[in-house]
There are 2 protein chains.
Amino acid sequence: MQTFKELLDSSALKATHQRLAILNELDKKGHASIEEIYESIKQNFPSMSLATIYKNISSLKDKQIVSEVCTHPKSKFEITKEPHAHFICKICGEIEDIEFSDAIIDELEKKYPKSKKELYIYSICDKCK
Amino acid sequence: MQTFKELLDSSALKATHQRLAILNELDKKGHASIEEIYESIKQNFPSMSLATIYKNISSLKDKQIVSEVCTHPKSKFEITKEPHAHFICKICGEIEDIEFSDAIIDELEKKYPKSKKELYIYSICDKCK
DNA sequence: TTCTGTGCAAATCTTTTGCATGGCA
DNA sequence: TGCCATGCAAAAGATTTGCACAGAA
């Protein structure tokens, strides 16, 4: 696995503290909103600006280093991984990565080749039950 | 099929001109954003206020009369129908309803009973090809 | 008549932008 | 050193709210 620095290098983005902090935060949390990333990083890095997070999330998305998970009421972000589906808890809002089954991938790939596919399951997670 | 008035009556929402206009607009367009609904209705109904659309979309969603389709960069809304998936054109942003296949529904229903399932396919529509 | 819904304007949030300065390569 | 990235503050955009009045039941 590449380091975050290598990932950034290979995308022609400079490996700034701010970018590495954002990627570490997403790596640690799995999924986080702009505001959550900001609040968390600010603890150890008080000069971090919200505008910097917006700008970086935008460029990291352009380079496909991070992906947006479109949930209500706010989008969250994750480090781009293999395609997978998301289980979203209607109560606490936590997002859990789940597998696309092969059968589903095959069927969708046949019908909609090369398209981006997003599957969301909204239910109640084990903790909230 | 119920009329929109009956739908509103049975949800204890008054059948105002504004609400009927919103539902007619969604019925006509299939999918529309807040701004699109507003711009379109204002043509024939200049006193229609944007705040009224926000308030009504919110109450219509609460009553599950309309559903939100979470697309980028703006959400769109549709009249609630049978569960279905969405094909979203990456170029023009048009949304097309597509069927969930029985195989997919069965598999997901077995794994995640009674959950709300959303599937989005992002690709390029016939017009834009 | 009653009470919910509307329209307006202000308030609040969210996101973007411009620009001077800082810091990675 | 050369540029890209950052931080700040202001601007722009999106959404919500409060309140007096209008209109559906």
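About the cut-offs
Residues numbered from 1 in each chain as written. Chains lettered and ligands numbered in written order. Predicted model: local features only at pLDDT ≥ 70, side-chain atom pairs only at ≥ 80, totals over all residues. Heavy atoms only, no water. Helix = DSSP H or I, 4+ residues; strand = E, 2+ residues; numbered from the N terminus. Contact = heavy atoms within 4.5 Å. Near = heavy atom within 4 Å. Polar contact = N/O pair within 3.5 Å; in protein donor to acceptor, adjacent residues only side chain to side chain. Nonpolar A, V, L, I, M, F, W, Y, C, P; charged D, E, K, R; others polar. Pairing = 2+ DSSP bridges. Axes fitted to C-alpha atoms, helices over the stretch in contact; angles between N-to-C directions.

> Just give me the short version of the environment of S11 of chain A, but keep the residues and values in it.
Residue and element names in this part refer to chain A. As for its position among the elements, S11 is in the loop between helix 1 (4-10) and helix 2 (17-29). Considered as a pair, S11 and I91 are 80 residues apart in the sequence and their alpha carbons are 37 Å apart. Excluding residues that lie within four positions of it along the chain, S11 makes contacts with K63 and I65.

> Tell me about the protein's contact with DNA strand C, residues and numbers included.
Taken together, 19 residues lie near DNA strand C, and Y54 of chain A together with T16, Q18, R19 and K55 of chain B sit nearest. Per the 4 Å cut-off to the protein, sugar and phosphate atoms form 73% of the nearby atoms of DNA strand C. Here a phosphate oxygen of DNA strand C sits 2.6 Å away from a polar atom, N or O, in the side chain of T16 of chain B. Note that a phosphate oxygen of DNA strand C is positioned 3.2 Å from one of the backbone N or O atoms of S49 of chain B. Contributions of two or more residues to the surface near DNA strand C are made by helix 4 (50-62) of chain A together with helix 2 (17-29) and helix 4 (50-62) of chain B. Per element, the largest residue contribution to the surface near DNA strand C is four residues, and it comes from helix 4 of chain B. Each residue belonging to the surface near DNA strand C can be placed in one class, and the counts come to six nonpolar, six polar and seven charged.

> Describe the sheet that holds strand 4 (residues 95-98) of chain B, and please don't skip the residues or the numbers.
The mixed open sheet is built from six strands, whose spatial order is 4(A)-3(A)-5(A)-5(B)-3(B)-4(B). The open sheet has two free edges, formed respectively by strand 4 (95-98) of chain A together with strand 4 of chain B, since each of these has just one partner strand. This sheet shows a mean twist of 25° between the axes of neighbouring strands, independent of strand direction.

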